[in-house]
Amino acid sequence: MAPDQTTAAPVPLLSVRDLHVRFPTERGTVNAVNGVSFDLYEGKTLAIVGESGSGKSVTAKTLMNLLPRTARVSGEVTYDGRDVRALAAEKVKHFFGVQMTMVFQDPMTSLNPVKKVGEQIAETLRYHLGRSRSEALEEAVELLDVVGMPEPARRVSQYPHELSGGLRQRVVIAMALACQPRLLIADEPTTAVDVTVQKHLLDLLDELRRNRGMSMILITHDLGVAHGRADDVAVMYAGRVVETADARTLFFDMRHPYTEALLRSIPRIDDPVHHRLDPIPGRPPELIDPPDECAFAPRCIYAQSDCLGGVPELSGLVGLHRFACLHPTGTERGMAAMSSNRAAGATAAGLPVTGSGGGSG
Amino acid sequence: MAGTGHAQLRDRDDVLLRVKDLVVHFPAGRRRVVHAVSEVTFDVVSGETLGIVGESGCGKSTVARAIIRLVDITAGEVLYEGRDLARLEGEDLRRVRPQVQMIFQDPISSLNPRRRVRDVIAEGLAVWGDDIGSWSRDRIDELMDAVGVEARYGARRPHEFSGGQCQRIGIARALALDPKVLICDEPVSALDVSIQAQILNLLQDMKRRYGLTVLFISHDLSVVKNVSDRIVVMYLGKVCEIGSTEELYSSPAHPYTRALLASIPEPAPTVDVSEGDIGDELPSATAPPSGCRFHTRCPRATDVCREVEPATEQVGDADHFVACHHPVAVEVALGAR
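First, a word on scope: everything that follows refers to the structure included in this document. Here the structure is a predicted model, which means the values were calculated and not measured.

Cut-offs used in this document
- Residues numbered from 1 in each chain as written.
- Chains lettered and ligands numbered in written order.
- Predicted model: local features only at pLDDT ≥ 70, side-chain atom pairs only at ≥ 80, totals over all residues.
- Heavy atoms only, no water.
- Helix = DSSP H or I, 4+ residues; strand = E, 2+ residues; numbered from the N terminus.
- Buried < 20%, exposed > 50% of the residue type's maximum accessible area, 1.4 Å probe, protein only.
- Contact = heavy atoms within 4.5 Å.
- Areas by Shrake-Rupley, 256 points an atom, 1.4 Å probe, with all protein chains shown as cover.
- Lys, Arg positive; Asp, Glu negative; His and termini not counted.
- Charge placed at Lys NZ, Arg CZ, Asp CG, Glu CD.
- Salt bridge = Lys/Arg side-chain N within 4 Å of Asp/Glu carboxyl O.
- Polar contact = N/O pair within 3.5 Å; in protein donor to acceptor, adjacent residues only side chain to side chain.
- Nonpolar A, V, L, I, M, F, W, Y, C, P; charged D, E, K, R; others polar.
- Core = buried A, V, L, I, M, F, W, Y, C linked by side-chain atoms within 4.5 Å.
- Expected span 1.5 Å × (residues − 1).
- Pairing = 2+ DSSP bridges.
- Axes fitted to C-alpha atoms, helices over the stretch in contact; angles between N-to-C directions.
- Disulfide = S-S within 2.5 Å.
- Phe/Tyr/Trp six-rings, centres within 6.5 Å; stacked < 30°, edge-to-face > 60°.

Let's talk about the overall build of chain B
Then comes step 1: Across its full length, chain B holds eleven helices and twelve strands.
Then comes step 2: Taken over the C-alpha atoms alone, chain B extends approximately 65 × 45 × 45 Å along its principal axes.
Then comes step 3: Buried residues in chain B amount to 56% of all 337 residues.
Then comes step 4: Sequence separation of at least 24 residues holds for 65% of the intrachain contacts in chain B that already meet a minimum separation of 6.
Then comes step 5: For chain B, the accessible area works out to roughly 13600 Å², and carbon and sulfur atoms hold 47% of it.
Then comes step 6: Here chain B carries 39 positive and 49 negative side-chain charges, and the mean point of each set is 6 Å from the other.

Notes on the interface of chain A and chain B
Then comes step 1: Across the contact, 38 residues belong to chain A and 43 residues belong to chain B.
Then comes step 2: Of the charged contacts in the structure, one is a salt bridge between A:Arg276 and B:Asp205, with a shortest N-O distance of 2.9 Å.
Then comes step 3: Along the contact surface separating chain A from chain B lie 16 residue pairs in polar contact (both at pLDDT 80 or more).
Then comes step 4: Put simply, the parts of the chain that give the side of chain A that touches chain B at least two residues each are α7 (165–177), α8 (195–212), α9 (223–229) and α11 (257–265) of chain A.
Then comes step 5: Examining the composition of the side of chain A that touches chain B, we find that six residues originate from one element, α8(A), more than from any other.
Then comes step 6: Grouping the constituent residues of the side of chain A that touches chain B by class yields 14 nonpolar, twelve polar and twelve charged.

Regarding the nonpolar core
Then comes step 1: If you look at the biggest cluster of nonpolar residues, it comprises 71 residues, and the most contacted ones within it are A:Leu14, A:Phe38, A:Met100, A:Leu183, A:Ile185, A:Ile217 and A:Val233.
Then comes step 2: If one sorts the elements of this core by residue count, strand β2 (residues 28–40) of chain A sits on top with six residues.
Then comes step 3: Once residues lying within four places of it in the same chain are set aside, the contact partners of A:Val233 are A:Leu46, A:Ala47, A:Val49, A:Ala226, A:Glu243, A:Thr244, A:Ala245, A:Ala247, A:Leu250 and A:Phe251.
Then comes step 4: Residues B:Met144, B:Leu191, B:Ile278 and B:Cys305 belong to the second largest nonpolar core, which totals 66 residues.

Description of helix α4 (residues 117–129) of chain A
Residues and elements named next belong to chain A.
Then comes step 1: With 13 residues, α4 extends 18 Å between its outermost C-alpha atoms, agreeing within 8% with the 18 Å of an ideal straight helix rising 1.5 Å per residue.
Then comes step 2: Among the residues of α4, those classed as buried are Val117, Gly118, Gln120, Ile121, Ala122, Thr124, Leu125 and His128.
Then comes step 3: Buried-residue contacts for α4 involve α2 (89–93), α5 (133–146), α6 (152–155) and α7.
Then comes step 4: Gly130 sits one or two residues past α4 and shows a positive phi near 65°.

Concerning the sheet that holds strand β2 (residues 33–45) of chain B
All names here are of chain B.
Then comes step 1: Strands sit in the order β2-β1-β4-β5 across an open sheet of four strands; the sheet is antiparallel. Two strands in the sheet have a free side with no partner beyond their single neighbour: β2 and β5 (83–84).
Then comes step 2: Here helix α1 (residues 60–67) sits on the sheet in contact with β1 (15–27), β2 and β4 (75–80), set at roughly 110° to β1.

As for the state of the cysteines
Here a disulfide denotes one covalent bond, and it connects the sulfur atoms of two cysteines.
Then comes step 1: One pass over the full model with this rule turns up zero disulfides over all chains.
Then comes step 2: Considering cysteine sulfurs only, A:Cys300 is the nearest to A:Cys325, which forms no disulfide, with 6.1 Å between them.
Then comes step 3: The cysteine B:Cys324 is free of any disulfide, with B:Cys298 supplying the nearest cysteine sulfur at 6.0 Å.

Overview of the packing of aromatic side chains
Then comes step 1: According to the stated counting rule, one finds eight aromatic pairs over all chains in the structure shown.
Then comes step 2: On the numbers, 5.2 Å between centres and 65° between planes, the contact of A:Tyr258 with A:Phe296 is edge-to-face. You can see A:Tyr258 sitting in helix α11 and its partner A:Phe296 sitting in the loop between α11 and β11 (322–323), a full 38 residues away along the chain.
Then comes step 3: Given the relative accessible area of 2%, A:Phe296 is considered buried.
Then comes step 4: Measuring from ring centre to ring centre gives 5.0 Å for B:Tyr235 and B:Phe294, while their planes differ by 80°; the resulting arrangement is edge-to-face. Highlighted residues: B:Tyr235 in strand β9 (residues 230–235) and B:Phe294 in the loop between α9 (255–263) and α10 (303–307), separated in sequence by 59 residues.

A closer look at unusual backbone geometry
Trans peptide bonds make up most of the peptide bonds, and negative phi angles are found at most residues other than glycine.
Then comes step 1: Within the chain, A:Glu188 stands out as a residue other than glycine whose phi angle is a positive 45°.
Then comes step 2: Looking at the element boundaries, A:Glu188 is found in the loop between β7 (183–187) and α8.
Then comes step 3: With relative accessibility at 6%, the residue A:Glu188 sits in the buried group.
Then comes step 4: Even without a glycine there, the phi angle at B:Glu39 is positive, about 50°.
Then comes step 5: By secondary structure assignment, the location of B:Glu39 is in strand β2.
Then comes step 6: On the accessibility criterion, B:Glu39 (31% relative accessible area) is partly exposed.

Comments concerning the side chain of B:Ser244
Then comes step 1: Here B:Ser244 is to be found in strand β10 (residues 238–244).
Then comes step 2: Leave out the neighbours within four places in its chain, and B:Ser244 touches B:Asp229, B:Arg230 and B:Asp319.

Fair warning: the whole summary comes from geometry, so function is off the table for now.
Here's what the structure looks like:
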């Protein structure tokens, strides 16, 4: 993101506009994604950060055409100038998994437990690229070598249960790379593994992206992971992008109170021992029949009456620092909102605010 | 990575729990055994929060489960107020159990889905009857209020609550029996980021309010640092390093502790990021490596590490002990001379 808007702007590899995803359920319609837009440029990493229910994984699955039939999707997804959602069935077969691939959170469930890992990688090559069985197996060994698997020639004939979680995830990454994709979507790729393994996997993804000029969408709930590994970050809350910017701006000069509150609430390694944490009060909203107001307002210490009068739009142009807030943190409006809430002892949504309770004012 | 040696034990009157040379083996079939916990030694003084940190398979949860006898102890002692929990049976064990309570990682599956949450919280009291404080509606309401769940929701069942709420209910259930020791096994790992801080603060508040001694198990180094007075770092069933939280984070001595601190997404300033490059093959716990169990991945390993298991030794004069033939802090200190 953040392209130069004045000169001939490069065309993004992936462009998403006003994406909506709804699931009809017995309890009502779940509004999982509510108007998400972003651009991803060649060779860049976009991190989509959010908690469970924020819509980050549904967004990824929508891009990969993996939603159940019951999902109602609207909006545009353009890949390299082509409308992905309008691709003919015949083209779809060799588009997903070739141009655009995905790595999931739990490697054990994305691998077939009764098939040797080499055969699973070879299967991808045979199906999409028409390789012969022996060619494909040879390439599988090379791919395992590329993803840093020790003794790849021996590992191809092992079953997933014989590998550690970190090595299994390497197999999944090898499968995703098999057809030389231009875009890799990694959905919580390191959530199921230990920290020392996490570092290796993230290093590997970084290196592959750089060497192959691949673009990457990294979906994570871990702000630390997003901070170290992404060029741009989009923060999602209740199915919307509430703030998006380059990683540095987002972490050091954020505007949305949710981004700020989230960063404040996590314990950090350089905080003093027994440092009192600043939790976000309340919990994320229901996605069924959401009220027509800022979804974060009930938990927000800046909330004013206008926050309850409608959902704020994301400011500015795609590619710039954008945020959906009427009283952004770090601005005069935000500071005024904070001091009036402190004076009143509560926000417009009724959340008690004490003198010391968070905020930048 | 030793575990041999007891240098880390404190000679104090207020030691509430002392785990000495704890060994837990699980049968793995064909006469093999999983060496889940191997000669682990540490103590907890009254009112302290002891953190146990390590990656999956290091034995941290097994230590916790062994203390409250959810798993059988193969060898060693678990002294609680001077009595060996490992040897207690029948009525004697039953009498101690209310005093050591536990909360678990998955808040929803650790509550019986078919019972009302009020009854879930009250169950221990109902079992113990007047021995502890009789079952009364007021007592349950007070507990629910203390953990921040509205008492009017007492008739609801666990699935009607969010994960964070269920963890609060699990905490109320543990506190109902007025325990002295609360064991928390990854209590916030399954919760959303914005909810974790609420639960960590609640645990601190409950600790103060009820005068608890806490054993806090987690893989998350930042969380453990936030809550703990003293920390044990474990690897493959052994203790690597133990010390006061400040000491351990400001001058980590064990190469494994340093690797952990270097691997987290925003690495600790006291280590170099390259110290996290230790490979990702965890050796098998059915055939753990000889000598120091960390030698197969350790950048500082030498012949002695392959052959001799290091004993825990004090680092300087501080409350800081390390089981390593080549600890880092000592050399840094020597180099500074």
